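# Structure assessment
Now for the letters of each chain:
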Amino acid sequence: MMTLKFTADHEWILVDGDMATVGITEYAQEQLGDVVFVDIPESGDSFNQGDDVCVVESVKAASDIYAPITGEVTDANADLEDEPALINSDPQGDGWIFKMKIADASELDELMDADAYQESIS
């Protein structure tokens, strides 16, 4: 069963077993504006919850993307190197940024569900 969670820093994380896909929310991409560059992480890199993983740059600003949980990057969305605007057109689909193997599933309990996230941005 897949579970979708959100961070206060506007990342989403889709959990499927011990794997997770991470990206930025619709709200975050709207705040950033047109995304022009994404510095994707390398497979095999490990991060602790809250660490800077990569940077998304837009015409307005550069924004750090943080690890929503502790884990190891298993894949990064190479399509973003040629087409960073995927984050604008489909932030919670084709615009995913990286995938991780979850090291500590209990950290997921600290994240928000969709309703709590919507409340936090309204």
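A brief report on the enclosed structure follows. This structure is a prediction, so every number in the text was calculated from the model and none was measured.

## Quick notes on the pairing of strand β9 (residues 98-102)
Covered by surrounding structure in β9 are F98, M100 and I102 only, the residues K99 and K101 on the alternate face being uncovered. Across 4 bridges, strand β3 (residues 19-24) lies against β9 in antiparallel orientation. Following the sheet pairing, V22 is matched in β9 by F98. As paired elements, strand β8 (residues 71-76) and β9 share 5 bridges and run antiparallel to each other. Paired with D75 across the bridge in β9 is K99.

## Quick notes on the sheet that holds β8
One open sheet holds the 6 strands; their spatial order is β1-β2-β3-β9-β8-β5, and the pairing between them is antiparallel. Taken across any chain shown, the strands that pair with only one partner, and hence form the sheet edges, are β1 (2-6) and β5 (46-47).

## Topic: the pattern of salt bridges
A complete count under the given rule lists 1 salt bridge for this structure. Two residues, K101 and D18, come together in a salt bridge whose shortest N-O distance is 2.4 Å. A residue pair is termed long-range when its members are at least 10 positions apart, and K101 in strand β9 and D18 in the loop between β2 (11-16) and β3 qualify at 83 residues.

## Details of the sheet that holds strand β7 (residues 62-66)
Ordered by their spatial adjacency, 3 strands build an open sheet running β4-β6-β7, and the pairing between neighbours is antiparallel. What marks the edges here is a single partner per strand, and that holds for β4 (35-39) and β7. Taken over all neighbouring pairs, the strand axes of this sheet differ in orientation by 25 degrees on average, direction set aside. Examined bridge by bridge, strand β6 (residues 52-58) and β7 share 5 bridges and lie antiparallel to one another. Paired with D52 across the two strands is Y66, which belongs to β7.

## A look at the side chain of K5
Here K5 shows up in strand β1. Comment: no salt bridge for buried K5; closest opposite-charge side chain is D109, at 5.4 Å. Apart from residues lying up to four places away in sequence, K5 is in contact with E11, W12, I13, L108, L111 and M112.

## Comments concerning the side chain of T7
Along the chain, T7 falls in the loop between β1 and β2. You can call T7 buried: its relative accessible area is 7%. Within the structure, the side chain of T7 is placed 2.6 Å from the side chain of E11, a separation counted as a polar contact. Not counting residues within four places of it along the chain, the set of residues in contact with T7 comprises P68, L111, M112 and Y117.

Reading the values: rules and limits
- Residues numbered from 1 in each chain as written.
- Predicted model: local features only at pLDDT ≥ 70, side-chain atom pairs only at ≥ 80, totals over all residues.
- Heavy atoms only, no water.
- Buried < 20%, exposed > 50% of the residue type's maximum accessible area, 1.4 Å probe, protein only.
- Helix = DSSP H or I, 4+ residues; strand = E, 2+ residues; numbered from the N terminus.
- Pairing = 2+ DSSP bridges.
- Salt bridge = Lys/Arg side-chain N within 4 Å of Asp/Glu carboxyl O.
- Axes fitted to C-alpha atoms, helices over the stretch in contact; angles between N-to-C directions.
- Lys, Arg positive; Asp, Glu negative; His and termini not counted.
- Contact = heavy atoms within 4.5 Å.
- Polar contact = N/O pair within 3.5 Å; in protein donor to acceptor, adjacent residues only side chain to side chain.

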